[in-house]
Amino acid sequence: KQRLILMPMNQLTDFEYLNSLNEEQKVAVKTLHGPVLVLSGAGTGKTRVLTTRIAHLLMTQTTKPWNIMAVTFTNKAAREMKERVSTIIGSAAEQILMGTFHSLGAKMLRQHAELLGLKKNFTIIDVDDQLKLIKQILSNHNIDEKRSPAKLFLNIINSWKDKGLTPDKISDNFTNSTNNEKQIYQEYQIKLLQSNCVDFGDLLIQPLELLRTNNDVLNQWQSKISHILIDEYQDTNTAQYLWIRLLCSKTNNICCVGDDDQSIYGWRGAEVKNILGFSKDFENAKTIRLEQNYRSTKKILEAANCLINKNNARLGKNLWTQNDGDENIEISSVYDSSEEAINIGEKIEEKIRDNKKLSEIAILVRTISQMREIEERFISIGLPYRVVGTKFFDRLEIKDAIAYVRILCNSSDNLAFERVINTPRRGIGSTTIKKLLDISRLEDIQLFHVGENILTYENINLPTKDKINKFINQINE
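Residues numbered from 1 in each chain as written. Predicted model: local features only at pLDDT ≥ 70, side-chain atom pairs only at ≥ 80, totals over all residues. Heavy atoms only, no water.

Draft legend 1. Broad picture of the confidence of the model for the protein chain. Confidence along the protein chain averages 90 in pLDDT terms, with 95% of residues attaining 70 or more. For the protein chain, the element scoring lowest by mean pLDDT is helix H1 (residues 11-14), at 48; strand E6 (residues 227-230) scores highest, at 97. Per-residue pLDDT stays below 50 along residues 7-13; that stretch engages in eleven contacts with residues further than four places along the chain or on separate chains. (pLDDT = per-residue confidence, 0-100. Helix = DSSP H or I, 4+ residues; strand = E, 2+ residues; numbered from the N terminus. Contact = heavy atoms within 4.5 Å.)

Pasting the structure below:
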């Protein structure tokens with residue numbers, strides 16, 4: 001039996017955690033039933049509102065922790081939110097279903113994998129493996145990868161998944177008959193299933209399909225989840241929106257926190273219309289505006305409000321603050337990236353002369369490629385710096401190590417097998433790997449099983465068979 005462990009009972013009546021909130025924040029926290037949209041401007045304390053609202057749901061005994069689903073934009077945000085909630089309610093916070101759309105989707109898939117033809121130990125592949133898989137399909141269809149790059153097909157497939165479209169829901173009007181994207185998508189999904197793999201888009205669209213097509217699963221999750229809270233609602237895509245609509249349709253207890261003026265992820269499938277149309281989507285929805293900013297100064301907010309007021313589609317709010325501050329915003333116009341790098345270097349040298357520490361200075365860029373000119377400038381003037389760039393899990397040696405773990409957990413994972421069979425080098429070249437892929441496709445078996453039966457194939461020479469056999473034995477050990 002699950003146990004609910006809260007703080008001492010005397011706190012149930014005091015609600016001291018509400019004292020630090022302003023009036024609008026208190027309204028957002030105390031409105032516990034029905035659909036609620038919290039329009040939260042930058043620096044207005046949205047995380048505090050979300051965490052306090054979760055705590056208030058439990059401290060008022062409105063629901064149980066295992067009946068709450070809290071969706072965040074990053075796993076880091078989920079961890080921080082759980083830590084904040086636990087400071088108010090104690091260890092009960094551990095029983096809240098909290099994470100990103102993708103992590104929660106993965107949990108749902110692990111639980112119901114068999115209904116989709118998957119095994120519970122399925123592998124989640126990354127972009128490199130997605131591209132590798134699509135290149136194999138293009139090669140099978142004799143499609144010139146230079147004229148029709150794999151990345152183009154991947155972008156199309158990802159956009160369809162963001163919209164909640166499985167291959168059977170795509171009409172011929174949406175496809176290019178020359179390249180036949182729909183067929184590539186269908187074969188891509190079949191190969192993923194054969195390898196017991198999913199991609200990140202599947203972590204959204206597969207749970208959506210589960211809820212759409214299986215009433216038992218839908219009823220199970222609707223009965224389990226009594227309250228849903230969503231952070232950064234302006235960045236949700238269509239698949240996420242449809243998923244949430246299905247989950248909350250029984251109780252309508254949904255609280256979405258977001259800012260229509262900060263919707264910048266349209267290129268990644270985000271639909272700002274999700275937040276703009278909240279009141280139409282959910283009957284009797286309540287909209288609460290958080291407008292007091294705790295982060296910036298008056299001059300910064302005045303400039304920001306002046307610009308944001310020009311936006312065409314917005315629900316409207318006006319940020320204000322009690323922070324005075326007298327520093328003006330400085331805008332520098334430069335001719336090119338070289339001049340920009342020189343400008344940045346000179347400003348930093350000025351700061352150093354004013355006894356500022358280098359560790360107190362940060363340069364924010366939109367993409368890592370913009371750092372090249374700046375780095376070259378810093379090297380030329382002898383200015384020490386540190387780049388926060390490539391993610392740990394994107395490093396080649398880490399991806400290789402993870403591929404070994406993947407093949408140990410899931411022998412059907414062709415992509416992992418292909419990555420590690422010659423890493424480190426074992427003298428098994430690309431020609432041999434192509435032969436293995438051909439056998440795998442013709443006999444409709446996984447690469448690992450081809451390797452296990454390698455001695456039976458005549459088109460591979462004996463020394464290479466011995467190397468493959470040795471590799472298979474190592475994996476089995």
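Structure's up, so let's keep going.
Draft legend 2. Local environment of a nonpolar patch on the surface. There is a patch of nonpolar side chains on the surface, built from Ile368, Ile379, Tyr385 and Val387 and spanning about 370 Å² of accessible area. Take tyrosine 385: it is sitting in the loop between helix H16 (371-381) and helix H17 (396-409). (Patch = residues over 30% accessible without salt bridge, like charges linked within 9 Å, V, L, I, M, F, W, Y side chains within 5 Å. Areas by Shrake-Rupley, 256 points an atom, 1.4 Å probe, with all protein chains shown as cover. Salt bridge = Lys/Arg side-chain N within 4 Å of Asp/Glu carboxyl O.)

Draft legend 3. Representation of the packing of helix H9 (residues 202-213) against helix H11 (residues 238-248) within the structure. Where H9 meets H11, the closest approach of the two axes is 9 Å, and the angle between their N-to-C directions is 35 degrees. Crossing of H9 against H11: the hand is left-handed. Of the residues in H11, those in contact with Leu204, Pro207, Leu208, Leu211 and Arg212 of H9 are Ala239, Gln240, Leu242, Trp243, Leu246 and Leu247. Grouping the constituent residues of the contact of H9 with H11 by class yields nine nonpolar, one polar and one charged. (Axes fitted to C-alpha atoms, helices over the stretch in contact; angles between N-to-C directions. Left-handed = near helix turned anticlockwise from the far one by under 90°. Nonpolar A, V, L, I, M, F, W, Y, C, P; charged D, E, K, R; others polar.)

Draft legend 4. Expanded view of the pattern of salt bridges. Overall, the coordinates contain 24 salt bridges when judged by the stated rule. Notably, a salt bridge pairs lysine 317 with aspartate 261, separated by 3.0 Å at the nearest N-O pair. On the criterion of sequence distance, the pair formed by lysine 317 in the loop between helix H14 (298-308) and helix H15 (337-353) and aspartate 261 in the loop between strand E7 (254-258) and helix H12 (273-276) is long-range, its members being 56 residues apart. Judged on exposure class, the residue lysine 317 and its partner aspartate 261 are both buried. Each of Asp259, Asp260, Asp261, Arg314 and Lys317 takes part in salt bridges that share partners, so that together they form one network. (Buried < 20%, exposed > 50% of the residue type's maximum accessible area, 1.4 Å probe, protein only.)

Draft legend 5. The nonpolar core, seen in detail. Core analysis: the biggest nonpolar cluster contains 37 residues, and Met69, Trp221, Ile228, Ile230, Tyr233, Trp243 and Ile254 have the highest contact counts within it. Mapped onto this core, the elements with two or more residues apiece are strand E1 (36-40), strand E2 (68-72), helix H5 (101-112), H9, helix H10 (215-224), E6, H11 and E7. For this core, the element with the most residues is H11, which contributes six residues. When neighbours within four sequence positions are excluded, isoleucine 254 is seen to be in contact with Gly34, Pro35, Val36, Ile228, Ile230, Ile244, Cys248, Phe278 and Phe282. (Core = buried A, V, L, I, M, F, W, Y, C linked by side-chain atoms within 4.5 Å.)

Draft legend 6. The packing of aromatic side chains, seen in detail. Per the counting criterion, the structure on display carries eight aromatic pairs. Here phenylalanine 278 and phenylalanine 282 contribute two aromatic rings whose centre-to-centre distance is 4.7 Å and whose plane-to-plane angle is 40 degrees, an arrangement assigned as tilted. Just as phenylalanine 278 is buried, phenylalanine 282 falls in that class too. Their ring planes at 85 degrees and their centres at 6.2 Å tell us that phenylalanine 417 and phenylalanine 448 sit as a pair that is edge-to-face. Of the two residues, phenylalanine 417 sits in helix H18 (residues 414-420) while phenylalanine 448 sits in helix H20 (residues 447-452), which places them 31 residues apart along the sequence. One exposure class covers both phenylalanine 417 and phenylalanine 448, and it is buried. Joined through ring pairs, the aromatic side chains of Tyr233, Phe278 and Phe282 make up one cluster. The side chain of arginine 245 reaches across the aromatic face of phenylalanine 282, ending 4.9 Å from its centre. (Phe/Tyr/Trp six-rings, centres within 6.5 Å; stacked < 30°, edge-to-face > 60°. Lys NZ or Arg CZ within 6 Å of the ring centre and 35° of its normal.)

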